[in-house]
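# A look at the structure
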Amino acid sequence: MKNYRKLLCLAVLTLGFVSCGEKKETDPMGNPIEETKTTTTALSSKDLGKELFEGKGMCATCHKPDAKIVGPSIKEIAKMYTEKKASISMFLQGEADPIVDPTQFEIMKANFAITKTMTEEELKGLEDYMLSIK
Ligand code: HEC
């Protein structure tokens, strides 16, 4: 198989087509094979949010999708915010009052140190992700 490839490359080379070292390959007829597109599609807002939620934001340590642990479940938060048409992103910037469990707000408030450094896009991502959990 290897030898066959070498031969093929050689043939291609001698024909003056694409060099072996280059990424562009040719089929046995010498026609360029279209490169598989590897352009990384930009993350959707929701996926960016999920990544932040489980990564940098460390939100997942206190919020699980379906169960209350330290903080309310994402489902519970999403339900409340959807019903009240409130903005999670504003809450995370410290610009809106807690509506889910105000008695525990002090624990959540500590996280604003992280969320306040996030860009609008990142906050929107967190919001989109949380609201997508139903
Ligand atoms: C140390 C635990 C902890 C971490 C980490 C944490 N939370 Fe919370 N979160 C809580 C608690 C407790 C509450 C309930 C208090 C409240 O409702 O404000 C809460 C409530 C919330 C609420 C509802 C606020 C409201 O209106 O009442 C949102 C939205 C939220 N968290 C998002 C996040 C996001 C996003 C992150 C990550 C950046 C995060 N949390 C990280 C503990 C945490």
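Residues numbered from 1 in each chain as written. Predicted model: local features only at pLDDT ≥ 70, side-chain atom pairs only at ≥ 80, totals over all residues. Heavy atoms only, no water.

An unreviewed UniProt entry lists the protein under the name C-type cytochrome, from Flavobacterium bernardetii.

Bound to the iron atom of the ligand are the protein donor atoms His 63 (NE2) and Met 108 (SD), situated 2.0 to 2.1 Å from the metal. Taken together, the six donor atoms coordinating the iron atom of the ligand span angles of 87 to 179° at the metal, a pattern that classifies the geometry as octahedral. Highlighted residues: His 63 in the loop between helix 2 (45-54) and helix 3 (74-84) and Met 108 in helix 5 (residues 105-109), separated in sequence by 45 residues. You can call His 63 buried: its relative accessible area is 9%. (Donors = N, O, S within 2.8 Å, 3.2 Å for Na, K, Ca; no water. Tetrahedral: all angles 85-135°; square planar, octahedral: opposite > 155°, others 65-115°. Helix = DSSP H or I, 4+ residues; strand = E, 2+ residues; numbered from the N terminus. Buried < 20%, exposed > 50% of the residue type's maximum accessible area, 1.4 Å probe, protein only.)

A few words now on the site of the ligand. In the vicinity of the ligand there are 26 residues, among which Cys 59, Cys 62, His 63, Tyr 81 and Met 108 approach most closely. Side-chain polar atom of Tyr 81 to an oxygen atom of the ligand: 2.5 Å apart, as the coordinates give it. At 3.3 Å from a nitrogen atom of the ligand is found a side-chain nitrogen or oxygen belonging to Asn 111. Mapped by element, the contributors of at least two residues to the shell around the ligand are helix 3, helix 4 (88-92), helix 5 and helix 7 (120-132). Along the lines of polarity and charge, the residues of the shell around the ligand split into 18 nonpolar, seven polar and one charged. (Near = heavy atom within 4 Å. Polar contact = N/O pair within 3.5 Å; in protein donor to acceptor, adjacent residues only side chain to side chain. Nonpolar A, V, L, I, M, F, W, Y, C, P; charged D, E, K, R; others polar.)

Before going further, it helps to examine helix 3. Buried within helix 3 are the following residues: Ile 74, Ile 77, Ala 78 and Tyr 81. Projection of helix 3 onto a plane perpendicular to its axis shows the buried side chains occupying an angular sector of 95°, all on one side. Away from the buried face of helix 3 by more than 90 degrees, exposed residues Lys 79, Glu 83 and Lys 84 are located. Those residues of helix 3 hidden inside the fold are in contact with helix 2, helix 4 and helix 7. Among the residues trailing helix 3, Lys 85 stands out with phi positive, at a value near 50°. (Arc of directions from axis to C-beta. Contact = heavy atoms within 4.5 Å.)

In the contact formed by helix 3 and helix 7, the axes pass within 8 Å of each other and the chain directions differ by 100°. Of the possible angle classes, the one that applies to helix 3 and helix 7 is roughly perpendicular. Where helix 3 approaches helix 7, its residues Ile 74, Ile 77, Ala 78, Tyr 81 and Thr 82 are matched on the opposing element by Tyr 129, Met 130 and Leu 131. (Axes fitted to C-alpha atoms, helices over the stretch in contact; angles between N-to-C directions. Parallel < 35°, antiparallel > 145°, perpendicular 65-115°, else oblique.)

Under the defined criterion, the tally for this structure stands at four aromatic pairs. Seen from their ring centres, Phe 91 and Phe 112 are 5.2 Å apart, and the 80° between their planes marks the pair as edge-to-face. In this pair, Phe 91 sits in helix 4 while Phe 112 sits in helix 6 (residues 112-115), placing the two residues 21 residues apart along the sequence. The same class applies to Phe 91 as to Phe 112, namely buried. An aromatic cluster is present here, built from Phe 91, Phe 105 and Phe 112 joined pairwise through their rings. (Phe/Tyr/Trp six-rings, centres within 6.5 Å; stacked < 30°, edge-to-face > 60°.)

With that out of the way, let us pick up the pattern of salt bridges. Tallying each qualifying case throughout the model produces six salt bridges. Among the ionic pairs, Asp 66 bridges to Lys 75, the shortest N-O distance being 3.1 Å. (Salt bridge = Lys/Arg side-chain N within 4 Å of Asp/Glu carboxyl O.)

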